[in-house]
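Structure assessment
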Amino acid sequence: MTLNVLFLAAEAEPFIKVGGLGDVAGALPEAIHNATRPGSGLPEVDIRLVIPFHYAIKERHFETQYLGEYEVEKLEGSEKCQVYLYKKGDIPVYLLDGLPINEKSPVYSIDPIHDGYKFVFFSLAALGLPQFLDWRVDILQANDWHTATAIYALSKKKYRKGRLKDARTIHTLHNLPFMGFGVQQALTDYGLPPIEDPILPEWARHSPLPMGLYAADRIIAVSPHYAEEILTPEFGCGLDDFLKSRSDAISGILNGLDTTRWDPKTDPALTQNYDLASLPLRPRNKAALQAQLGLEVRPDTPLLTLVSRMDPQKGIDIALRGLHECQDEDWQAVMLGTGIPYVEEMAQQLEVAFPGRVRSLIKFDGNLAHQLYAAADIFMMPSRYEPCGLSQMISMRYGCVPIARATGGLVDTIRYLPRSPKGSTGILFKKPYPSVFAKALKRTFRLYHKPEIWRQMQVNGMASDFSWQQSARQYEAVYEDLVTEAKRSKL
Ligand code: GLC
């Protein structure tokens, strides 16, 4: 029997990408479809992606087909939803439009109330789709707070009907602190009451993310380690006690990486392509980049990089302060990214402090990002928390050794064996303090100057398997489990 999965997300590549969620929603549904094709030995999964038809997507003129419209009920009256289909990829993608989505606002605006209406409308509109398509849904999978309302609504009789009657739900968690605060009015207007169960703290009973976590049949964090961390006060954002009560439903599945797009052998942005067999060619990228950015071309000086959203989550301040503590060592560094102004400013100050050896580029530049992964020796990722993380996987695939905080997906993807560094793929440190980072960085420099060990670390990283195949199979197993459970409960 084919398993039908409705996959909801606020953003997805190639339509629109703001953060890591866009990478995942753009890759995972296709990977699941491909992993379960006839002949794979697994039950076939008919997975369909649903995203809002954001203004920024319309501007890019994808070839879509208008399918029609239906009403989304509100407490009083209703709102129309228009459905468009994009079918050029491996799986069908539905783009939903309607007044709350139609505005020229960005994917995520700075106005939580506006975003609240947009994503509550979108979540409920997505629940109208199975009926509109006359397509049975076995699994509804939502991601983060934006689409969590769909899971919560399905726990209400009003929505659990027709082609959604037997649907089981999965809430995939990419980022716990973003809970959808300020959305209460939208929920009320669309007839969704807050949760009354005291198992949830009062403040969480009317925010979409906790509501979804409360109602979902399964909660899947984007890495096994993050799935454990969210049960602790440090990472649980005040929901750790509640999440502990749901621990039977929680697991972690690591994200994959688009290994076609991220391949140093074919990457068109690089000065010099290379792979494991031609690794000695890699330093040409370093020399080209040093020259291009006006840094002294020094092959033996470790070149550090940080490509990131400039956000407190990413611990950029930890790296910047840590670098000051390493000022007597020989290194160069390039920072690339945009984000919160005070973090951007800190990055710029580093260049002021070390004019000859630091470049801080406050911009988004896709090509340069690719070049940095291929040119730099060391990738810095001192995240305060990191549900999964993508950059560390890219850097390892490109032979750039990561130094990262031992948190979330970084623990699950980077292998660090302090006693036998030759078996490692990177360096991990525990506490998110500049002095701890500086100490780990000094250790990293020592390893860098032992070419045989360093080369082996690069090779280990480049040979690691970060493809989506693995994650796709694990999600499929969860789908099967849930459907079996559903059948059993009907007996
Ligand atoms: C969020 C998390 C990041 C994760 C991504 C995709 O952006 O911060 O760690 O990789 O979602 O799941």
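None of the values given here were measured: they were computed from a predicted structure.

**A look at the overall build of the chain**
Along the backbone of the chain there are 18 helices and 15 strands. Against the compact-globule benchmark of 23 Å for 491 residues, the chain has a radius of gyration of 23 Å, which places it among compact chains. Across its three principal axes, the chain shows a C-alpha extent of roughly 65 × 50 × 45 Å. For the chain, buried positions account for 57% of its 491 residues. Taking as baseline every contact in the chain between residues at least 6 positions apart, the subset at least 24 positions apart corresponds to 73%. Averaging the positions of the 54 positive and the 58 negative side-chain charges in the chain gives two centres separated by 4 Å.

**Quick look at the side chain of Glu 79**
With respect to the secondary-structure elements, Glu 79 resides in strand S4 (residues 78–86). On the basis of relative accessibility, which here comes to 15%, the residue Glu 79 falls in the buried class. In contact with Glu 79, not counting residues within four places along its chain, are Tyr 70, Glu 71, Val 72, Lys 74, Leu 99, Pro 100, Phe 121 and Tyr 190.

**What to know about the packing of helix H16 (residues 434–448) against helix H17 (residues 451–462)**
Where H16 meets H17, the axes come as close as 7 Å, and the angle between the chain directions of the two elements is 105 degrees. Comparing their axes, H17 and H16 come out roughly perpendicular. Contact residues: Thr 444, Leu 447 and Tyr 448 in H16; Pro 451, Ile 453, Trp 454 and Met 457 in H17. Tallied by class, the residues present in the contact of H16 with H17 amount to 6 nonpolar, 1 polar and no charged.

**Some remarks on the site of the ligand**
In the vicinity of the ligand, the residues found are Gly 20, Leu 21, Val 24, His 174, Asn 175, Val 222, Asn 255, Gln 313, Glu 386, Pro 387, Cys 388 and Gly 389. In this structure, His 174 approaches the ligand through a side-chain N or O atom, which is 2.7 Å from an oxygen atom. Within the side chain of Gln 313, a nitrogen or oxygen atom sits 3.1 Å from an oxygen atom of the ligand. Taken together, the residues that form the shell around the ligand break down as 5 nonpolar, 6 polar and 1 charged. Looking at the shell around the ligand, you find at least three residues from each of domain 1 (2–256 + 469–490) and domain 2 (276–463).

**A word on the domain arrangement of the chain**
Here the chain is described as being made up of domain 1 (2–256 + 469–490) and domain 2 (276–463). Placing a centre on the C-alpha atoms of domain 1 and another on those of domain 2 gives a separation of 34 Å. When the buried surface of domain 1 facing domain 2 is broken down by residue, His 225, Phe 235 and Leu 254 rank first, second and third, together holding 31% of it. Where domain 1 meets domain 2, there are 1 salt bridge. Of the charged contacts in the structure, one is a salt bridge between Glu 234 and Arg 405, with a shortest N-O distance of 3.3 Å. Summed over the shared surface of domain 1 and domain 2, the result is 7 residue pairs in polar contact (both at pLDDT 80 or more). The biggest single contributor to the side of domain 1 that touches domain 2 is helix H8 (residues 224–229), with 4 residues. Here the residues of the side of domain 1 that touches domain 2 sort into 7 nonpolar, 6 polar and 3 charged.

**Here's the deal with helix H10 (residues 283–292)**
Along H10, the residues that are buried comprise Asn 285, Lys 286, Leu 289 and Gln 290. Down the axis of H10, the smallest arc covering the buried residues is 130 degrees, so these residues share one side. Immediately beyond the C-terminal end of H10, within one or two residues, lies Gly 294, with a positive phi of roughly 75 degrees.

**Regarding helix H1 (residues 20–35)**
For H1, built from 16 residues, the straight-helix expectation of 22 Å at 1.5 Å per residue is met to within 8% by its first-to-last C-alpha distance of 22 Å. Within the span of H1, buried status applies to Leu 21, Gly 22, Asp 23, Val 24, Ala 25, Ala 27, Leu 28, Pro 29, Ala 31, Ile 32 and Ala 35. Those residues of H1 that are buried are in contact with strand S1 (3–8), strand S2 (45–52), strand S6 (139–143), helix H5 (144–154) and helix H18 (469–490).

**Focus on the pattern of salt bridges**
Following the criterion strictly, the structure yields 28 salt bridges and no others. The salt bridge involving Arg 168 is made with Glu 485; its shortest N-O contact spans 2.6 Å. Taken together, the residues Arg 168 in strand S7 (residues 168–173) and Glu 485 in helix H18 connect sequence positions 317 residues apart. The class for Glu 485 is partly exposed, based on a relative accessible area of 28%. Between Asp 377 and Lys 286 there is a salt bridge, with the nearest N and O atoms lying 2.6 Å from each other. Of this pair, Asp 377 sits in the loop between helix H13 (366–375) and strand S13 (378–381) while Lys 286 sits in helix H10, and the two are 91 residues apart along the sequence. Look at Asp 377 and you get buried, because its relative accessible area is 7%. Linked through salt bridges whose partners overlap, the residues forming this network are Arg 168, Asp 217, Arg 218, Asp 481 and Glu 485.

**Some thoughts on the sheet that holds strand S15 (residues 427–429)**
Strand pairs in the sheet, formed through backbone hydrogen bonds, run parallel or antiparallel to each other. An order of S12-S11-S10-S13-S14-S15 is seen for the 6 strands of this open sheet, with the pairing classed as parallel. Bordering the open sheet on either side are strand S12 (358–361) and S15, each of which pairs with just one other strand. The mean angle between the axes of side-by-side strands here comes to 15 degrees, regardless of whether they run parallel or antiparallel. Note: strand S10 (residues 303–307) against strand S11 (residues 332–336), 5 bridges, orientation parallel. When the bridges of S11 are listed, Leu 306 appears paired with Met 335. Helix-sheet contacts for helix H12 (residues 341–353) involve S11 and S12, and the interaxial angle to S12 is about 155 degrees.

**As for the nonpolar core**
Within the largest apolar cluster, 70 residues are counted, with the highest numbers of intra-cluster contacts made by Leu 304, Trp 331, Met 335, Met 380 and Ile 403. In terms of residues, this core owes the most to one element, H16, which gives 7 residues. Those residues in contact with Leu 304 that lie beyond four places of it in its chain are Leu 323, Trp 331, Gln 332, Ala 333, Val 334, Ala 376, Ile 378, Met 380, Leu 441 and Phe 445. Ranked by size, the runner-up nonpolar core spans 62 residues in total, among them Phe 121, Leu 127, Leu 209 and Tyr 385.

Criteria and cut-off values
Residues numbered from 1 in each chain as written. Predicted model: local features only at pLDDT ≥ 70, side-chain atom pairs only at ≥ 80, totals over all residues. Heavy atoms only, no water. Helix = DSSP H or I, 4+ residues; strand = E, 2+ residues; numbered from the N terminus. Rg over C-alpha atoms; globule rule 2.2 N^0.38 Å. Buried < 20%, exposed > 50% of the residue type's maximum accessible area, 1.4 Å probe, protein only. Contact = heavy atoms within 4.5 Å. Lys, Arg positive; Asp, Glu negative; His and termini not counted. Charge placed at Lys NZ, Arg CZ, Asp CG, Glu CD. Axes fitted to C-alpha atoms, helices over the stretch in contact; angles between N-to-C directions. Parallel < 35°, antiparallel > 145°, perpendicular 65-115°, else oblique. Nonpolar A, V, L, I, M, F, W, Y, C, P; charged D, E, K, R; others polar. Near = heavy atom within 4 Å. Polar contact = N/O pair within 3.5 Å; in protein donor to acceptor, adjacent residues only side chain to side chain. Domains from an automatic or database assignment. Buried area = accessible area lost by both parts, 1.4 Å probe. Salt bridge = Lys/Arg side-chain N within 4 Å of Asp/Glu carboxyl O. Arc of directions from axis to C-beta. Expected span 1.5 Å × (residues − 1). Pairing = 2+ DSSP bridges. Core = buried A, V, L, I, M, F, W, Y, C linked by side-chain atoms within 4.5 Å.

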